[in-house]
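Here is how the chains run, residue by residue.
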Amino acid sequence: MKIKKSAIILIFILFIALALRLVHINDKAYGTDEEHSIISASEIIKGSLIDYKDYGNPPLFFLLIAPFIMLKSILMLKLFTILIGILSIILIYFLTYKLFDKKIGLVSAFLLAVSPMHVLFSQHIRVYILLMMVFIASLVYLYELIKSKDNKKLIILMTLYVIAIYLHYFSAIFIMAQMITLLVLNRDKTLLKRYFVGLIIVGILSLPIFYIFTKQYNYMIGQGELKTIEKVKLIN
């Protein structure tokens, strides 16, 4: 089976991206935010998920990295975030390929692959690179939904919305932007109704996050943030 030229170029770009992210991976010092992630995951391992209030973010990312913390493998954890970064490059290729053409897709993938900020956050033990990947995936499926009006695409899109909300509170802003985009680009009232029904379901599924947010807010305006800073100082 003949491999297409664009596929070969994309694989080459991904190899460049991987190399840039693996160079000196163990030489990078932890930032305070990364230590915060490790502390948060460690607290969840100890069984504090039900009483989750001390971290200032939704718990999904900390749940995902908790197994790596249990294995005491920071290298594997960094490789996990690097893999997510590589996946986001593949997704940006498909998004721009669908919106424009293969050449634009490859250029976009290359620019993201060599972006210093993307390299940095691919090695960073924080939620942001995963959140970026989820956002790009949601844009791909928003495009597919507008084009095909397929219920499967809608279900996947709404699932991505729920995941995004469980990763970061500011995801609500991104979802709102996508809603406005759909209102502007789509004139199919039936699709709009299904989309808004989906948003209602997303809201219901996100109610636990609203509960966690209120607990975190009430805690953080007290001494919660000060306690977190003290914990980080102890690590240093």
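Up top is the structure these notes are about.
Description of the structure in this document. These numbers were taken from a predicted model, which means no experiment stands behind them. (Residues numbered from 1 in each chain as written. Predicted model: local features only at pLDDT ≥ 70, side-chain atom pairs only at ≥ 80, totals over all residues. Heavy atoms only, no water.)

Under the definition given, this model contains nine aromatic pairs. Centroid distance Tyr195 to Phe196: 5.8 Å. Interplanar angle 85°. Geometry classified as edge-to-face. (Phe/Tyr/Trp six-rings, centres within 6.5 Å; stacked < 30°, edge-to-face > 60°.)

For the rest of this paragraph, the subject is a nonpolar patch on the surface. Together, Leu18, Leu22, Leu75, Met76 and Leu79 make up an exposed nonpolar region whose accessible area comes to about 380 Å². Counting residues per element, the ones that place at least two in the nonpolar patch are α1 (5–22) and α4 (74–99). Looking at which element gives the most residues to the nonpolar patch, the answer is α4, with three residues. Locating Leu22 in the fold gives a position in helix α1. (Patch = residues over 30% accessible without salt bridge, like charges linked within 9 Å, V, L, I, M, F, W, Y side chains within 5 Å. Areas by Shrake-Rupley, 256 points an atom, 1.4 Å probe, with all protein chains shown as cover. Salt bridge = Lys/Arg side-chain N within 4 Å of Asp/Glu carboxyl O. Helix = DSSP H or I, 4+ residues; strand = E, 2+ residues; numbered from the N terminus.)

Running from N to C, helix α8 (residues 151–167) and helix α9 (residues 171–185) point in directions that differ by 155°, and their axes come no closer than 9 Å. Put simply, α8 runs roughly antiparallel to α9. Of the two elements, α8 crosses α9, and the hand of that crossing is right-handed. Residues Leu157, Tyr161, Ala164 and Ile165 of α8 touch α9, and the partners they reach there are Ser171, Ile175 and Gln178. Along the lines of polarity and charge, the residues of the contact of α8 with α9 split into five nonpolar, two polar and no charged. (Axes fitted to C-alpha atoms, helices over the stretch in contact; angles between N-to-C directions. Parallel < 35°, antiparallel > 145°, perpendicular 65-115°, else oblique. Left-handed = near helix turned anticlockwise from the far one by under 90°. Contact = heavy atoms within 4.5 Å. Nonpolar A, V, L, I, M, F, W, Y, C, P; charged D, E, K, R; others polar.)

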